[in-house]
Amino acid sequence: NPDGQLQFDPVTNAPLDALSNPFDVMAYGRSGGVLVADAGANAVLKVSKRGHVSEFFVPPVINTGACEGQENNDPEHTGCDPVPTGLAYGPRGTVYVSTLTAEAPGEGRIYVLDVWTGKVRKVISGFNGPTGVAVGKHGELYVSEVLHNAPEGPPPEGFDPSTVGRIVKVDWYGQRECAAVTMPTGLDYEDGKLYASAWSIAGFLGIPDAGQVVQVVKG
């Protein structure tokens with residue numbers, strides 16, 4: 001229970017929240033271990049080659065903006081759960097972690113951690129429900145926002161689902177620009193190229209077999 005929240009209803013013993021939801025995984029170290037972004041446990045976990053699980057980073061509950069004072073599993077943890085979703089290595093011995101922050105607009109964050117200790121070096125805020133993160137060869141940051149432009153509640157008649165989602169690029173100086181990619185979640189930067197999953201949640205909209213992996217280029 002890394003985030004320390006009340007997990008089970010004291011009367012019914014029913015789970016109050018998801019206990020575990022591994023959302024992303026990344027190789028860690030030279031011994032065959034991995035890091036896991038566990039969206040349900042609200043933690044980044046380190047798993048050794050032999051299966052030993054330990055805490056690497058536990059992001060705090062968010063209590064700013066729309067998250068301030070929001071009800072949670074218990075009165076001691078009001079606010080929005082951080083919900084880790086993505087992992088990527090960055091320059092100068094860093095690990096980048098994206099956090100969904102309960103999909104609250106503008107409250108998503110990217111934590112830049114020390115690769116060995118898991119301690120926070122920097123926090124980059126102002127994202128809308130980030131679901132993935134990648135870092136380019138010049139230190140530029142890429143963040144996927146799968147629900148950008150999604151309607152609240154049932155979509156209106158004639159709504160175009162291809163307009164949902166985007167990828168945000170943050171350069172070394174903090175300047176941001178966006179690329180329209182439909183419902184992206186996972187990101188990967190390899191050999192100078194950015195790849196993204198697309199139409200990732202189309203199945204929830206009743207659109208079968210729509211998932212794609214796309215290369216994102218500046219145009």
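Look up: the structure comes first, before these words.
Residues numbered from 1 in each chain as written. Predicted model: local features only at pLDDT ≥ 70, side-chain atom pairs only at ≥ 80, totals over all residues. Heavy atoms only, no water.

Caption draft 1: Examining the overall build of the chain more closely. When its secondary structure is counted, the chain shows zero helices and 15 strands. Rg of the C-alpha trace for the chain: 18 Å, near the compact-globule value of 17 Å for 219 residues, within the 12% margin. Taking all 219 residues of the chain together, the buried fraction comes to 42%. Nonlocal contacts in the chain, meaning residues at least 24 apart in sequence, comprise 37% of its contacts between residues at least 6 apart. Total accessible area on the chain stands at roughly 12000 Å², and carbon and sulfur atoms take up 52% of it. Looking at charge distribution, the chain has the averaged site of its 15 positive side-chain charges lying 16 Å from that of its 25 negative ones. (Helix = DSSP H or I, 4+ residues; strand = E, 2+ residues; numbered from the N terminus. Rg over C-alpha atoms; globule rule 2.2 N^0.38 Å. Buried < 20%, exposed > 50% of the residue type's maximum accessible area, 1.4 Å probe, protein only. Contact = heavy atoms within 4.5 Å. Areas by Shrake-Rupley, 256 points an atom, 1.4 Å probe, with all protein chains shown as cover. Lys, Arg positive; Asp, Glu negative; His and termini not counted. Charge placed at Lys NZ, Arg CZ, Asp CG, Glu CD.)

Caption draft 2: Here's a closer look at the nonpolar core. One finds L35, V44, F56, L87 and V97 to be the most contacted residues of the largest nonpolar core, which totals 17 residues. Counting only elements with at least two residues in this core, the list comes to β1 (22-28), β2 (33-38), β4 (53-57), β6 (94-99) and β7 (108-114). In this structure F56 touches Y28, L35, V44, L45, K46, L113, D114, V115, W116, T117 and G118, once residues within four positions along its chain are discounted. One finds A134, V146, L187 and A196 within the second-largest nonpolar core, a separate group that totals 15 residues. (Core = buried A, V, L, I, M, F, W, Y, C linked by side-chain atoms within 4.5 Å.)

Caption draft 3: Structural context of the sheet that holds strand β13 (residues 187-190). Strand order in the open sheet made by the three strands is β13-β14-β15, with antiparallel pairing throughout. Edge strands, defined here as strands with exactly one partner in the open sheet, are β13 and β15 (212-216). On average, adjacent strands in this sheet sit at an angle of 25° to one another, irrespective of strand direction. (Pairing = 2+ DSSP bridges. Axes fitted to C-alpha atoms, helices over the stretch in contact; angles between N-to-C directions.)

Caption draft 4: Spotlight on the packing of aromatic side chains. Counted by the stated rule, this structure contains four aromatic pairs. Relative to Y111, the ring of F57 lies with its centre 5.2 Å away and its plane at 55°, an arrangement referred to as tilted. Taken together, the residues F57 in strand β4 and Y111 in strand β7 connect sequence positions 54 residues apart. The same class applies to F57 as to Y111, namely buried. Taken together, Y28, F56 and W116 form an aromatic cluster joined through their ring pairs. It is R176 that lies over the ring of F127; its NZ or CZ is 4.4 Å from the centre. (Phe/Tyr/Trp six-rings, centres within 6.5 Å; stacked < 30°, edge-to-face > 60°. Lys NZ or Arg CZ within 6 Å of the ring centre and 35° of its normal.)

Caption draft 5: Geometry of the environment of G129. With respect to the helices, strands and loops of the structure, G129 is situated in the loop between β8 (120-127) and β9 (130-135). In this structure, the C-alpha to C-alpha distance between G129 and P22, residues 107 residues apart in sequence, is 17 Å.

Caption draft 6: Main features of the state of the cysteines. Applying the stated rule across the entire model yields one disulfide. Shown here is the disulfide that connects C67 with C80, its sulfur atoms set 2.2 Å apart. Handedness of the C67-C80 disulfide follows from its S-S torsion of about -95°: it is left-handed. Taken together, the residues C67 in the loop between β4 and β5 (84-90) and C80 in the loop between β4 and β5 connect sequence positions 13 residues apart. On the basis of relative accessible area, C80 is assigned to the buried category, the value being 8%. (Disulfide = S-S within 2.5 Å.)

Caption draft 7: Inspection of the sheet that holds β5 at higher detail. Taking strand neighbours across the sheet as the criterion, the four strands line up as β5-β6-β7-β8 in an open arrangement whose pairing is antiparallel. Looking at which strands have only one partner, the edges of the open sheet turn out to be β5 and β8. Here the average twist between neighbouring strands, direction ignored, is 20°. Pairing between β5 and β6: six bridges, direction antiparallel. Note that in β6 the partner of G86 across the bridge is S98.

Caption draft 8: Geometry of the pairing of β6. Taken across its six residues, β6 has six buried, putting it largely inside the fold. Burial of the side chains of β6 extends over both faces: T94, Y96 and S98 are buried on one face and V95, V97 and T99 on the other. Remark: three residues form the turn of the hairpin made by β5 and β6, two consecutive strands paired antiparallel; R92 in that turn has positive phi of roughly 60°. By the bridge criterion, six bridges tie β6 to β7 in an arrangement that is antiparallel. Bridge pairing links Y96 to V112 in β7.

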